Amino acid sequence: MNTIKQLIEKYCPDGVEYKPLWSLTIWDKRFNGVEKSHQEKIIKYFYYLAKDLQPLIVENGDVKILTTNVTNLFTTKELAGDNIANGEVVSIPWGGNLNIQYYKGDFITSDNRIATSINTNVLDNKFLYYWMINNKELIESFYRGAGIKHPDMNKVLNLIIPVPPLPVQREIVRILDNFTSLEAELEAELEAELEARRKQYEYYRDQLLSFKHLSGGGQE
C-alpha cells in the first residue's frame, strides 16, 4: 500500500483523474440509448449460441471459449476457423447473472458484451477488470428484466472510473494478481484459511481501487 501511495504522490500529487468509461473503452456493439459520440468505434465478434459451443470443446485447446459463465473451456484454431478473435478483453454477459471476465489471447465468444481499452497507455485492461470486479454490485444493479435480465449499457458506459497513471495501475494489478494466484493455491487447503485470504484480498482490492484515502484529489 505504501508503494501505491508513493507512486500517486510521484505521478499525480494533485489527485487521481476520473473519466467516464465510454471515453476509455471500445465495445462490441452500438447500444440503444448511448450517444453516437460515445461510441465512435466498435469491434465486431462472431457470437456462438450455447448449443453450438458444446461440439467445439476439447482438452488442451489453444483458443479460449468465452462463455457467459466463468468456465475454463478451450477449443482449437481448426475447429473455430474464421470466428477466432484475438485481443485483451473484459466481458460481461448480455443476459442472465453478471460474471466479469478477463482474457488475453485467441478466443471465441458466446453472447457477451466485450470491452477493451482504447489506449492501453492510458487504461490497462487488467486494471479495468479489477475495477469492474470491485464495482460488481453497482453493475449488477443495471441488469433489469422480468425474465432474463439484460444490462442497461448506457449506465455501464457512463460509469466514472479512476484513471491513475499507468505505473500506479500496473502496481495495483501486480498486487491483486498475486492475491488471486495465492487464493488458487489455497483451494486445496483448509477452508478457514482460504476464507481468511479471500477477506484479505477483498480488503486490499477495495483499498487499492479507492483513491480518496491515498490522495487529496479525486471525484466527490
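Just above sits the structure.
These numbers were taken from a predicted model, which means no experiment stands behind them.

## Remarks on the nonpolar core
Item 1. W27, I100, L128, M132 and I161 are the most contacted members of the largest nonpolar core, which has 40 residues in total.
Item 2. Counting residues per element, the ones that place at least two in this core are α1 (2-11), β5 (85-93), α4 (125-134), α6 (153-157), β10 (160-163), α7 (166-186) and α8 (191-208).
Item 3. The contacts of L128, once residues within four sequence positions are left out, are L21, T25, V90, L123 and I161.

## Observations concerning α4
Item 1. Of all 10 residues in α4, 9 are buried; the element is thus mostly enclosed.
Item 2. Restricting attention to buried positions, one finds in α4 the residues N125, K126, F127, L128, Y129, Y130, W131, M132 and I133.

## Quick look at the environment of V163
Item 1. Residue position: V163 is located in strand β10.
Item 2. Accessibility expressed as a relative area gives 10% for V163, which makes it buried.
Item 3. Considered as a pair, V163 and F127 are 36 residues apart in the sequence and their alpha carbons are 9.4 Å apart.
Item 4. Apart from the residues within four sequence positions on either side, V163 is in contact with V16, E17, K19, L24, V122 and Q169.

## Describing the sheet that holds strand β6 (residues 101-109)
Item 1. Sheet architecture is open: 6 strands sit in the order β2-β7-β5-β6-β3-β4, paired in mixed fashion. Of all strands in the sheet, those with a lone pairing partner are β2 (25-27) and β4 (74-75), marking the two edges.
Item 2. Pairing of β5 with strand β7 (residues 112-117) involves 4 bridges; the strand directions are antiparallel. Each bridged residue has a counterpart across the sheet, and for I92 the counterpart in β7 is R113.
Item 3. With respect to the sheet, α4 is in contact with β2, β5, β6 and β7, its orientation differing from that of β5 by roughly 10°.

## Let's talk about the pairing of β7
Item 1. Most of β7 sits inside the fold, with 6 of its 6 residues counted as buried.
Item 2. On β7, burial covers both faces: N112, I114 and T116 on one face and R113, A115 and S117 on the other are all buried.
Item 3. As defined by bridge partners, β2 adjoins β7 across 3 bridges and the pair is classed as antiparallel. By the bridge assignment for β7, W27 is matched with A115.

## Thoughts on the packing of aromatic side chains
Item 1. Within this structure, the stated rule accounts for 5 aromatic pairs.
Item 2. Look at F46 and Y48: their rings are 4.9 Å apart centre to centre, the planes differ by 80°, and that puts the pair in the edge-to-face class.
Item 3. What makes F46 partly exposed here is its relative accessible area of 42%.
Item 4. Above the face of the Y47 ring, K29 is positioned so that its terminal group lies 5.0 Å from the ring centre.
Item 5. We note K126 situated over the ring of Y102; from NZ or CZ to the ring centre the distance is 4.8 Å.

Basis of the calculations
Residues numbered from 1 in each chain as written. Predicted model: local features only at pLDDT ≥ 70, side-chain atom pairs only at ≥ 80, totals over all residues. Heavy atoms only, no water. Core = buried A, V, L, I, M, F, W, Y, C linked by side-chain atoms within 4.5 Å. Buried < 20%, exposed > 50% of the residue type's maximum accessible area, 1.4 Å probe, protein only. Helix = DSSP H or I, 4+ residues; strand = E, 2+ residues; numbered from the N terminus. Contact = heavy atoms within 4.5 Å. Pairing = 2+ DSSP bridges. Axes fitted to C-alpha atoms, helices over the stretch in contact; angles between N-to-C directions. Phe/Tyr/Trp six-rings, centres within 6.5 Å; stacked < 30°, edge-to-face > 60°. Lys NZ or Arg CZ within 6 Å of the ring centre and 35° of its normal.

On their own, these measurements won't tell you what the molecule is for.
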